Amino acid sequence: MSAPHAITTEILETLSPQNRLCIERLRRHQPEEVDLSNYPRGKLAAVLVLLFEKAGELRVLLTTRSKSLRTHPGQVALPGGRVDATDADVFETAYREAHEEVGLPRGYPHVYTVCTLRPYISSAKLLVTPVVALLTNLSIMDSFVPSPGEVDRVFEHPLEAILDPSLVSKEKLAPKGSADWPYEDDLYNYSDIDLPWLGNSTYRMHRFRSTAFAIKGLTSDILIATAEIAYEKPPLYERYAPGQLQTFAPILRILEADYGVQHAVSGTSTPTPKVEVGVRSG
């Protein structure tokens, strides 16, 4: 990741002091360095973590997947998808998918790329790179429209509530006991899952109540990481299960063995995606 370029003082001054600190921490974030250039391109994906300030609160844009989709129908997701052959990098993938899924204009001048996070693995064994961005003009959100056949709903969630689920109580949440939140817990629960295919490791499935379906799985993992960096504090619950892989290097080694991919992770490797963070989206 190249050194961060400053978002202008004028832009930062539009944010509350706390939210300004959150964005500055994210801009300084240095993700675990990996080289995915030899990994199967068809197994690479990216998502857009689009943050914005509303009523003094940092919030994130989310969608629910169409119930007609074959995989994860109706579930909460971040805008994103597989890297296309024509995509220059994961940044183009994330912004292209956000344009296709919700109508965020390509090259919109009020969206600034902030950072990337290390890749995450999906249940389909996709390596998903989160691209974190800041939206500074919220009027564009009035024009967001779910893409028919891909997205059923576009909604938002307070980012800090991912660390402290009680903060979501003020939202108009999905009814308890409904299909969107069928759990006995009021706002959050988890379960631990064995993953024999991932080195016999364990995975903690976090679930957060929202105004739509439960935020869980890959989406919850990415939002937890984003919030931990932004607020510089841990969640109020236990983040990892016993035996869970907490960094990307051992995950990639296991996948490389499966796919027979050469080359891997080192402390001096150069990450494949590069961006001048803090500049307008492309």
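Coordinates for the structure precede this section.
These figures come from a predicted structure and were not determined experimentally.

Novice: Would you take a moment to explain the side chain of Glu 53 for this structure?
Specialist: As for its position among the elements, Glu 53 is in strand β1 (residues 44-54). Here Glu 53 occupies a buried position and makes no salt bridge, while the nearest side chain of opposite charge, Arg 20, is found at 7.8 Å. Only 2.7 Å separates the side chain of Glu 53 from the backbone nitrogen of Ser 16, close enough to count as a polar contact. In this structure the side chain of Glu 53 is engaged in a polar contact, spanning 2.6 Å, whose partner is the side chain of Asn 19. When sequence neighbours within four positions are dropped, the list of residues in contact with Glu 53 reads Thr 14, Leu 15, Ser 16, Asn 19, Leu 58 and Leu 138.

Novice: So what exactly am I meant to see when it comes to helix α2 (residues 17-28) here?
Specialist: A turn of α-helix holds 3.6 residues, and therefore any two residues three or four places apart point the same way. Its 12 residues place the ends of α2 17 Å apart at the C-alpha level, agreeing with the 16 Å of an ideal helix rising 1.5 Å per residue. All of the buried residues along α2 are Asn 19, Cys 22, Ile 23, Arg 25, Leu 26 and Arg 27. Looking at the buried residues of α2, the elements they touch are α1 (9-12), β1, β2 (57-65), β5 (111-116), β7 (127-135) and α4 (217-231).

Novice: Sorry, what's going on with helix α3 (residues 90-102) here?
Specialist: In this model, α3 (13 residues) spans 18 Å end to end at C-alpha, consistent with the 18 Å of a helix rising 1.5 Å per residue. The buried fraction of α3 amounts to 10 of the 13 residues, a majority that puts the element mostly inside the structure. Looking only at α3, the buried set comprises Val 90, Phe 91, Thr 93, Ala 94, Tyr 95, Arg 96, Glu 97, Ala 98, Glu 101 and Val 102. In this structure, the buried residues of α3 make contact with β1, β2, β4 (80-82), β5, β7 and β8 (151-158). Near the N-terminus of α3, the side chain that reaches the backbone nitrogen of Phe 91, with its oxygen 3.1 Å away, is that of Asp 89. Just downstream of α3 lies Gly 103, where phi reads positive at about 95°.

Novice: What is the right way to look at the sheet that holds strand β10 (residues 201-208) in this model?
Specialist: Working definition: the strands of a sheet are paired by backbone hydrogen bonds and lie parallel or antiparallel to each other. Strand order across the open sheet formed by three strands is β9-β10-β11, with antiparallel pairing between neighbours. Of all the strands in the sheet, just β9 (188-195) and β11 (215-216) have a single pairing partner and so form its edges. Across two bridges, β10 lies against β11 in antiparallel orientation. Note on β11: the bridge partner recorded for Arg 207 is Lys 216. Contacting β10 and β11, α4 crosses the sheet at an angle of about 85° to β10.

Novice: Which parts of the structure should I look at to understand the packing of aromatic side chains?
Specialist: To describe a pair of aromatic rings, one takes the distance between the centres and the angle between the planes. Counted by the stated rule, this structure contains five aromatic pairs. Taking 5.3 Å as the distance between ring centres and 45° as the angle between the ring planes, the aromatic pair formed by Tyr 188 and Phe 208 counts as tilted. Placement of Tyr 188 in strand β9 and of Phe 208 in strand β10 is noted, with a sequence separation of 20 residues between them. The cationic tip of Arg 118 hangs over the ring face of Tyr 120; the distance from NZ or CZ to the ring centre is 4.1 Å. A cation over a ring is seen here: Arg 239 above Tyr 240, with NZ or CZ 4.5 Å from the ring centre.

Novice: For this particular structure, what's the right way to read unusual backbone geometry?
Specialist: In this model, Ala 55 sits at a positive phi of 50°, which is unusual for a non-glycine residue. As for its placement among the helices and strands, Ala 55 is situated in the loop between β1 and β2. Of note, the phi angle at Glu 232 is positive, near 55°, even though the residue is not glycine. Checked against the element boundaries, Glu 232 lands in the loop between α4 and α5 (248-259). The exposure class assigned to Glu 232 is exposed, which follows from its relative accessible area of 59%.

Novice: Is there a simple way to explain the environment of Pro 105 in this structure?
Specialist: Of note, Pro 105 is situated in the loop between α3 and β5. For the pair Pro 105 and Ser 143, spaced 38 residues apart in sequence, the C-alpha separation works out to 9.9 Å.

Novice: Sorry, what's going on with the pattern of salt bridges here?
Specialist: Any two side chains of opposite charge can pair, given that their charged atoms come close. In this structure the tally under the stated criterion is 16 salt bridges. Here Glu 57 makes a salt bridge to Lys 170, at a shortest N to O gap of 2.9 Å. Of this pair, Glu 57 sits in strand β2 while Lys 170 sits in the loop between β8 and β9, and the two are 113 residues apart along the sequence. Taking relative accessible area as the criterion, Glu 57 reaches 22% and is therefore assigned partly exposed. Taking the relative accessible area as the measure of exposure, Lys 170 reaches 55% and is therefore exposed. Note that Arg 239 is salt-bridged to Asp 221, the shortest N-O span being 3.9 Å. Residue Arg 239 is located in the loop between α4 and α5, and its partner Asp 221 is located in helix α4; the two are separated by 18 residues in the primary sequence. Since its relative accessible area comes to 6%, Asp 221 is described here as buried.

About the cut-offs
- Residues numbered from 1 in each chain as written.
- Predicted model: local features only at pLDDT ≥ 70, side-chain atom pairs only at ≥ 80, totals over all residues.
- Heavy atoms only, no water.
- Helix = DSSP H or I, 4+ residues; strand = E, 2+ residues; numbered from the N terminus.
- Buried < 20%, exposed > 50% of the residue type's maximum accessible area, 1.4 Å probe, protein only.
- Lys, Arg positive; Asp, Glu negative; His and termini not counted.
- Salt bridge = Lys/Arg side-chain N within 4 Å of Asp/Glu carboxyl O.
- Polar contact = N/O pair within 3.5 Å; in protein donor to acceptor, adjacent residues only side chain to side chain.
- Contact = heavy atoms within 4.5 Å.
- Expected span 1.5 Å × (residues − 1).
- Pairing = 2+ DSSP bridges.
- Axes fitted to C-alpha atoms, helices over the stretch in contact; angles between N-to-C directions.
- Phe/Tyr/Trp six-rings, centres within 6.5 Å; stacked < 30°, edge-to-face > 60°.
- Lys NZ or Arg CZ within 6 Å of the ring centre and 35° of its normal.

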